[in-house]
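The residues making up each chain are set out below.
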Amino acid sequence: MKVGIIGSGYVGLVAAACFSEMGNDIVCVDVDQSKIEKLKEGIIPIYEPGLSALVRGNVSKGSLRFSIDINDALSVSEVVFIAVGTPMGDDGSADLKYVLQVAQSIGENMKSNLVIVNKSTVPVGTADKVKETVQSALNNRNSNLRFNVVSNPEFLKEGAAINDFMHPDRVVVGADDESAMQLMRNLYDPFTFSNDRFIGMDIRSAEMTKYAANAMLATKISFINEIANICESVGADVNHVRTGIGSDRRIGYQFIYPGCGYGGSCFPKDVQALVNIANDHGYNPELISSVERVNKAQKQVLFSKLVGQFGDNLKGKKIAVWGLSFKPETDDMREAPSIDLIQSIVKAGGEVSAYDPKAMDEAKFYLKHIKVNYCNDKYTTLDDADALILVTEWKEFRSPNFALIKSKMHGNLFIDGRNQFKSDYIQSKGFKYIQIGVKS
Ligand SMILES: NC(=O)c1ccc[n+]([C@@H]2O[C@H](COP(=O)([O-])OP(=O)(O)OC[C@H]3O[C@@H](n4cnc5c(N)ncnc54)[C@H](O)[C@@H]3O)[C@@H](O)[C@H]2O)c1
């Protein structure tokens, strides 16, 4: 199939790479000229395991092309995906300006009948707005070309995006036209070959499914973080409580790991957008509103543990921070808990030395107004450090050389934002070990 993908970020690029891998002809478009130039040279602007090989392989086969001109996609494609960002607007709602700009430009430039697929995460009712925008641009051209708008939310996880796209748990498609639905089935059949996981529905339900999924996952995280905080107050250990409840199959172990709050480009903005969508329709979503409030507070939990040990004036204190990206296996720093932590430490007068396996450049951008000593490896952050704080659970932090850590540090405080280790073990190495959800 000939497919255009507008937007070459995490979602657009992964979709382009995976669709082309299945033998489709893809033109991937972005307005960011430098991004497209890099992609043409085989330089992948983001860190995502497996993506680079897939992109390079399909570019060399000629099944994947990049362009800054939407006409290059519209002149050949029978289906075009919108995969641009929908950032949080000032009022917390999803900002649709990029989606509607693309819709406008599709209407102004489309050359044949088209299926337009919205893959960006968008509020319920956005397909109608896209439809109106395209139709009015076609009317202005006196064109009687026809098109269908389809919703196909994306559920990939950064860090495992290729595997998620290639082997999806489900493919959700909302369409109000049988031929458009059939085209989407044909496009996704190779991904759900062994076991049909295609779920067709109406457009509004598909748009809502994405928000409901992210709200559920965010709720699980905020739930366990709240339980962790109660555990600390009552003298229980959340590590035991987590396994105690996760063993119930109705609850399960996934997404009930206590930590320092969720971040990333999706949960914070999508939870907030869902609250706004509900409010706009006269409903007050009390549970989902508190999920976000709990998360904001949780992002301060590591700093308050530090203050609990050193007091609120950190002048003269050197703090080593391990892990900056919002989760392992990505360089994405959007809404990362490390940002809140580092800002708070520096504001309180402390010095930060930080290391992340992949996100150092992104971190320098997101923390550009804050003085941070970026180190080339994890052990260098520890020179004379009073405390070590583990924020992101990259694999290389799972079994470090504790004797070396101890010998480099000035103090012995180890605050673990991901509860990676057994307390007795770390204490036996001579550290004061502080976890989330365990009284210290
Ligand atoms: N990142 C994820 O893990 C993830 C997962 C599922 C869904 N989503 C959703 O998918 C959408 C895209 O997310 P992302 O993380 O890929 O965003 P991103 O910011 O990484 O990429 C968006 C890209 O769109 C480009 N763009 C903006 N306007 C354009 C235009 N008019 N024409 C062409 N390109 C344009 C930008 O330059 C950018 O490269 C969002 O709605 C997001 O919520 C993201």
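Bear in mind the structure is a predicted one, so any value in this text is a computation, not a measurement. (Residues numbered from 1 in each chain as written. Predicted model: local features only at pLDDT ≥ 70, side-chain atom pairs only at ≥ 80, totals over all residues. Heavy atoms only, no water.)

K.L.:
In this structure, what is going on with the packing of aromatic side chains? I would like to understand it.
P.N.:
Ring pairs (aromatic) are described by centroid distance and by the angle formed between their planes. Counted by the stated rule, this structure contains 20 aromatic pairs. Each ring, one from Phe 402 and one from Phe 431, has its centre 5.9 Å from the other, and the planes form 70°; the classification is edge-to-face. With Phe 402 in helix 16 (residues 402-408) and Phe 431 in the loop between helix 17 (423-428) and strand 14 (432-435), the pair connects residues that are 29 residues apart, well separated along the chain. Classification of Phe 431 as buried rests on a relative accessible area of 4%. One aromatic cluster in this structure is built from Phe 402, Phe 414, Phe 421, Tyr 425, Phe 431 and Tyr 433. Of note, Lys 368 hangs over the ring of Phe 365, and the distance from its end group to the ring centre comes to 4.0 Å. (Phe/Tyr/Trp six-rings, centres within 6.5 Å; stacked < 30°, edge-to-face > 60°. Helix = DSSP H or I, 4+ residues; strand = E, 2+ residues; numbered from the N terminus. Buried < 20%, exposed > 50% of the residue type's maximum accessible area, 1.4 Å probe, protein only. Lys NZ or Arg CZ within 6 Å of the ring centre and 35° of its normal.)

K.L.:
Got a minute to help me understand the site of the ligand in this structure?
P.N.:
Around the ligand sit 25 residues, and of these Asp 30, Lys 35, Thr 86, Glu 158 and Lys 269 come closest. Take Tyr 10: an N or O atom from its main chain is 3.0 Å from an oxygen atom of the ligand. Within the side chain of Thr 86, one N or O atom sits 2.5 Å away from an oxygen atom of the ligand. Across the complex, the protein chains shield 88% of the 820 Å² of accessible surface that the ligand would expose by itself. At the level of elements, helix 1 (10-21) and helix 5 (97-109) are the ones that each hand at least two residues to the shell around the ligand. Looking at the shell around the ligand residue by residue, the class counts come to 10 nonpolar, 7 polar and 8 charged. (Near = heavy atom within 4 Å. Polar contact = N/O pair within 3.5 Å; in protein donor to acceptor, adjacent residues only side chain to side chain. Areas by Shrake-Rupley, 256 points an atom, 1.4 Å probe, with all protein chains shown as cover. Nonpolar A, V, L, I, M, F, W, Y, C, P; charged D, E, K, R; others polar.)

K.L.:
What's the story with helix 9 (residues 203-234) in this structure? I'm lost.
P.N.:
Think of an α-helix as 3.6 residues a turn; residues three or four steps apart then line up on the same face. With 32 residues, helix 9 should reach 46 Å at 1.5 Å per residue; the first-to-last C-alpha distance of 47 Å fits that figure. You can read the cap of helix 9 off the contacts: a side-chain oxygen lies 3.3 Å from the backbone nitrogen of Arg 204, and it is on Asp 202. Gly 235 sits one or two positions beyond helix 9 and adopts a positive phi of about 85°. (Expected span 1.5 Å × (residues − 1).)

K.L.:
Honestly, unusual backbone geometry in this entry has me stumped. Any pointers?
P.N.:
Outside of glycine, negative phi angles account for most residues, and trans bonds account for most peptide bonds. Even without being a glycine, Asn 142 presents a positive backbone phi close to 55°. Its identity as a non-glycine residue notwithstanding, Glu 329 has a phi of 65°, on the positive side. With respect to the helices, strands and loops of the structure, Glu 329 is situated in the loop between strand 9 (318-322) and helix 14 (337-347). The class for Glu 329 is partly exposed, based on a relative accessible area of 24%.

K.L.:
Sorry if this is basic, but what is going on with the packing of helix 1 against helix 3 (residues 51-61) here?
P.N.:
Between helix 1 and helix 3, whose axes approach to 9 Å, the crossing angle comes to 55°. Relative to helix 3, the element helix 1 is oriented oblique. The crossing of helix 1 and helix 3 is left-handed. Along the contact surface, helix 1 presents Leu 13, Val 14, Ala 17, Cys 18, Ser 20 and Glu 21, while helix 3 presents Leu 51, Leu 54, Val 55, Asn 58 and Lys 61. Among the residues forming the contact of helix 1 with helix 3, the class breakdown is 7 nonpolar, 2 polar and 2 charged. (Axes fitted to C-alpha atoms, helices over the stretch in contact; angles between N-to-C directions. Parallel < 35°, antiparallel > 145°, perpendicular 65-115°, else oblique. Left-handed = near helix turned anticlockwise from the far one by under 90°. Contact = heavy atoms within 4.5 Å.)

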